[in-house]
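Here is what each chain is made of, one letter per residue.
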Amino acid sequence: MTATSTPSTLRTGHIGLNVTDIERSLAFYRDVIGYGVIGEGKEEGRRFAFLGEGTRPVLTLWQQADAAYAATNAGLHHLAIEVDTIEQVRAYESALRAYGVEFAYDGVVPHGEGAASGGIFFHDPDGTRLEIYSPTGADTATAPVEAAPTCGFF
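Keep in mind that this is a model prediction, so the values were computed, not measured. (Residues numbered from 1 in each chain as written. Predicted model: local features only at pLDDT ≥ 70, side-chain atom pairs only at ≥ 80, totals over all residues. Heavy atoms only, no water.)

Student: Where do I start with the pairing of strand S4 (residues 56-63) in this structure?
Tutor: Regular strands place side chains that alternate from one sheet face to the opposite one. Here 5 bridges tie strand S1 (residues 15-19) to S4, and the two strands are oriented parallel to one another. For Gly 16, the partnering residue across the bridge sits in S4 and is Thr 60. As defined by bridge partners, strand S3 (residues 46-53) adjoins S4 across 6 bridges and the pair is classed as antiparallel. Looking at the pairing, Ala 49 lines up with Leu 61 of S4. Taking the residues between adjacent antiparallel strands as the criterion, S3 and S4 are bridged by 2 residues, where Gly 54 takes a positive phi near 65°. (Pairing = 2+ DSSP bridges. Helix = DSSP H or I, 4+ residues; strand = E, 2+ residues; numbered from the N terminus.)

What follows is the structure, encoded as structure tokens:
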């Protein structure tokens with residue numbers, strides 16, 4: 001089947017991240033981000049965790065990395081997680097601060113100057129760039145850089 005004859009719309013199923021320490025990453029994504037554990041593999045050399053909402057997988061952690069994330073390598077740029085409201089973004093910001101996470105920008109910022117959408121930008125325990133954002137509510141904040149998307153260079 002070709003892309004032009006596909007009868008349905010493609011949707012992202014789940015994202016897989018290579019991690020250096022499955023227990024550390026599992027604690028972060030489960031306890032701080034709030035994903036539930038759907039399934040795990042605990043066999044040495046084949047450790048993984050399927051995380052999601054209910055029974056729907058959203059994120060899979062694979063313990064296969066030898067080093068932390070490097071922004072200079074090809075591949076994942078960042079993972080953006082959408083919530084419904086800017087208040088939810090702020091609640092995540094508080095939880096992440098309590099966990100000791102450092103942010104790329106101070107507080108909630110818009111995706112660009114005057115944009116309604118925006119959020120918080122930070123890194124997971126392996127340095128993978130993450131964003132939690134809302135489609136609306138960030139328009140009263142100032143963008144950290146006027147000439148480029150906020151999510152592009154953190």
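Right, picking up where we left off after that structure.
Student: Would you mind going over the nonpolar core with me for this structure?
Tutor: Here is a general trend for soluble globular proteins: nonpolar side chains tend to be buried in one another's company. Core analysis: the biggest nonpolar cluster contains 28 residues, and Phe 28, Tyr 29, Ile 33, Leu 61, Leu 96, Phe 122 and Ile 132 have the highest contact counts within it. When contributions to this core are tallied by element, the ones reaching two or more residues are S1, helix H1 (22-33), S3, S4, strand S5 (79-82), helix H2 (86-99), strand S7 (118-123) and strand S8 (129-134). Top contributing element to this core by residue count: H1, with 6 residues. Non-local contacts of Ile 33, meaning those with residues more than four positions away in its chain, are made with Phe 28, Ile 81, Tyr 92, Leu 96, Phe 122 and Ile 132. (Core = buried A, V, L, I, M, F, W, Y, C linked by side-chain atoms within 4.5 Å. Buried < 20%, exposed > 50% of the residue type's maximum accessible area, 1.4 Å probe, protein only. Contact = heavy atoms within 4.5 Å.)

Student: Honestly, the packing of H1 against H2 in this entry has me stumped. Any pointers?
Tutor: In a pair of packed helices, the angle between the axes and the distance between the axes together describe the arrangement. Relative to each other, H1 and H2 sit at 135°, their axes nearing to 10 Å. In terms of orientation, H1 lies oblique with respect to H2. Viewed along their axes, H1 and H2 form a crossing whose handedness is right-handed. Between H1, through Ala 27, Phe 28, Val 32 and Ile 33, and H2, the contact on the second element is made entirely by Tyr 92, Ala 95, Leu 96 and Tyr 99. Along the lines of polarity and charge, the residues of the contact of H1 with H2 split into 8 nonpolar, no polar and no charged. (Axes fitted to C-alpha atoms, helices over the stretch in contact; angles between N-to-C directions. Parallel < 35°, antiparallel > 145°, perpendicular 65-115°, else oblique. Left-handed = near helix turned anticlockwise from the far one by under 90°. Nonpolar A, V, L, I, M, F, W, Y, C, P; charged D, E, K, R; others polar.)

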